[in-house]
Amino acid sequence: MARTPVLQCLEPKLIERSGSRSVYTMVVDDRLIGRPGFLHGGAIGAMFEAAISLTLSEVLSGQDAQARALDMSIEYLRGGALAETWVEVSVVRAGFRIVNMGATAWQEDPGRPIARCRMMFKLERPTPA
Amino acid sequence: MPAEPLPADIARHVNAVPFNAALGIRYVRCGPGWLENTLSWQEDLVRPATASIAMGVITCLVDATCGATILMACGPVRSSVTLNLQVDLVRPASAGATLYARAECIDMNRQIAFVQARIEDGDGAIVATGLAKFLFEPGE
């Protein structure tokens with residue numbers, strides 16, 4: 001059976017966008033397993049990055065700016081099951097040179113997050129400020 | 001000190017994790033308290049907007065390498081979970097480059113281990129650094 005490349009299988013689906021908040025769902029398949037029965041911590045990280053990057057490209061649409069990821073920090077709060085995963089992304093600060101993004105992931109219950117993440121991006125613009 | 005695990009067991013441990021296999025993360029070698037993995041360039045790991053390996057993939061490599069290093073530093077463990085992970089993307093990986101990740105346990109106590117990782121391309125240029133904390137339960 002042909003399968004989509006592993007990063008494409010993480011492609012987040014937008015559920016809701018209001019202001020600087022966006023909510024996505026992610027399809028989970030058995031390639032994302034780390035220890036038996038649980039999502040790989042790196043897979044959760046890749047989900048965060050996919051959802052955050054998508055939100056960032058929305059934020060930057062219409063601007064002549066290229067974003068380069070500088071860092072990523074993840075706190076793992078609970079084991080992630082092999083189940084549909086929701087990611088809420090928020091734009092913490094969108095500056096001219098630096099953008100700070102935050103995200104939280106949960107399954108079933110938004111009150112019981114499985115992990116949270118923050119990322120920082122440098123914006124490259126054609127002309128210096 | 002508990003007996004050190006055999007490299008063959010560590011290799012199996014790294015290579016058999018489904019998500020590691022899906023991304024192409026492979027065990028290279030290990031020693032007391034440290035471990036190396038590698039990741040070959042694949043087009044489907046590239047984020048088109050940046051034409052470089054996605055940061056999420058770099059994060060996976062850090063997590064997988066630091067996580068396996070626990071076995072080299074703490075001996076047999078009943079369980080080990082990642083508490084947190086910090087990754088700095090120092091320089092985007094150059095196109096086509098195979099990445100090498102080396103992680104080292106910098107300190108540990110009865111239940112917490114601190115692991116540092118460095119990711120380089122084949123020419124020794126630094127791509128990323130990582131720091132992870134693990135909660136582990138000693139086994140046997």
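Everything here concerns the structure above.
Scope of this entry: the structure provided in the associated data block. Because the structure is predicted, anything quoted here is derived from the model rather than measured. (Residues numbered from 1 in each chain as written. Chains lettered and ligands numbered in written order. Predicted model: local features only at pLDDT ≥ 70, side-chain atom pairs only at ≥ 80, totals over all residues. Heavy atoms only, no water.)

## Some remarks on the overall build of chain B
At step 1: Across its full length, chain B carries three helices and eight strands.
At step 2: If you list the helices and strands of chain B from N to C, you get α-α-β-β-β-β-α-β-β-β-β.
At step 3: Since a compact globule built from 140 residues should have a radius of gyration of about 14 Å, the 15 Å found for chain B is in line with a globular shape.
At step 4: Nonlocal contacts in chain B, meaning residues at least 24 apart in sequence, comprise 60% of its contacts between residues at least 6 apart.
At step 5: Surface accessibility of chain B: about 6,300 Å² in total, with carbon and sulfur atoms responsible for 53%.
At step 6: Computing the positive centroid from 10 side-chain charges and the negative centroid from 14, chain B places the two 2 Å apart. (Helix = DSSP H or I, 4+ residues; strand = E, 2+ residues; numbered from the N terminus. Rg over C-alpha atoms; globule rule 2.2 N^0.38 Å. Contact = heavy atoms within 4.5 Å. Areas by Shrake-Rupley, 256 points an atom, 1.4 Å probe, with all protein chains shown as cover. Lys, Arg positive; Asp, Glu negative; His and termini not counted. Charge placed at Lys NZ, Arg CZ, Asp CG, Glu CD.)

## Some points on the interface of chain B and chain A
At step 1: Listed per partner, the contact involves 32 residues of chain B and 30 residues of chain A.
At step 2: Summing the contributions of chain B and of chain A, the shared interface buries around 2,300 Å²; its carbon and sulfur component is 60%.
At step 3: Summed over the three residues of chain B that lose the most area to chain A, namely Phe19(B), Arg47(B) and Met55(B), the buried surface amounts to 24% of that side.
At step 4: Scanning the region where chain B abuts chain A turns up ten residue pairs in polar contact (both at pLDDT 80 or more).
At step 5: Listed by contribution, the elements that provide at least two residues to the side of chain B that touches chain A are α2 (18-23), β3 (46-47), α3 (55-74) and β5 (77-89) of chain B.
At step 6: No other element matches β5(B), which puts nine residues into the side of chain B that touches chain A. (Buried area = accessible area lost by both parts, 1.4 Å probe. Polar contact = N/O pair within 3.5 Å; in protein donor to acceptor, adjacent residues only side chain to side chain.)

## Focus: the nonpolar core
At step 1: With 80 residues, the main nonpolar core has Phe48(A), Phe121(A), Ile58(B) and Ile119(B) as its most contacted residues.
At step 2: Examining the composition of this core, we find that 14 residues originate from one element, α3(B), more than from any other. (Core = buried A, V, L, I, M, F, W, Y, C linked by side-chain atoms within 4.5 Å. Buried < 20%, exposed > 50% of the residue type's maximum accessible area, 1.4 Å probe, protein only.)

## A look at a nonpolar patch on the surface
Residue and element names in this part refer to chain B.
At step 1: Nonpolar side chains collect at one region of the surface, where Ile106, Phe114 and Leu131 lie side by side and expose about 240 Å² of accessible area between them.
At step 2: For Ile106, the position within the fold is in strand β6 (residues 99-108).
At step 3: For Ile106, a relative accessible area of 46% gives the class partly exposed. (Patch = residues over 30% accessible without salt bridge, like charges linked within 9 Å, V, L, I, M, F, W, Y side chains within 5 Å. Salt bridge = Lys/Arg side-chain N within 4 Å of Asp/Glu carboxyl O.)

## As for the sheet that holds strand β5 (residues 98-106) of chain A
At step 1: If you walk across this open sheet you meet the twelve strands as β1(A)-β2(A)-β4(A)-β5(A)-β6(A)-β3(A)-β5(B)-β8(B)-β7(B)-β6(B)-β2(B)-β1(B), and the pairing is antiparallel. Two strands lie at the open edges of the sheet, namely β1 (13-18) of chain A together with β1 (25-31) of chain B, each paired on one side alone. If you compare each strand with its neighbour and ignore which way they point, the axes differ by 25° on average.
At step 2: Inspection of the sheet shows β1(A) paired to strand β2 (residues 21-26) of chain A by five bridges, in the antiparallel sense. Considered in β2(A), the bridge of Arg17(A) is made with Ser22(A).
At step 3: Of the strands in this sheet, β3 (66-76) and β6 (113-124) of chain A together with β1, β2 (34-39), β5, β6, β7 (112-121) and β8 (126-138) of chain B touch α3(B), which is tilted by about 140° from β5(B). (Pairing = 2+ DSSP bridges. Axes fitted to C-alpha atoms, helices over the stretch in contact; angles between N-to-C directions.)

## Brief notes about the layout of surface pockets
At step 1: The computed volume of the largest pocket comes to approximately 760 Å³.
At step 2: Gly34(A), Arg35(A), Ser80(B), Val81(B) and Thr82(B) are, among the 31 residues lining the largest pocket, the residues nearest its centre.
At step 3: The leading source of residues in the lining of the largest pocket is β5(B), at seven residues.
At step 4: Residue composition of the lining of the largest pocket, grouped by class: 16 nonpolar, eleven polar and four charged.
At step 5: There is about 510 Å³ of room inside the second largest pocket.
At step 6: Lining the second largest pocket are 29 residues, and of these Ser53(A), Ala67(A), Arg47(B), Ala49(B) and Thr50(B) lie nearest its centre.
At step 7: Sorting elements by how many residues they give to the lining of the second largest pocket places helix α1 (residues 41-59) of chain A first, with six residues. (1 Å grid on protein atoms, 1.4 Å probe; cavity = no way out; pocket = protein on both sides within 12 Å on 5 of 7 lines; lining within 4 Å. Points joined across faces, edges and corners; volume = space filled by probe spheres on them. Nonpolar A, V, L, I, M, F, W, Y, C, P; charged D, E, K, R; others polar.)

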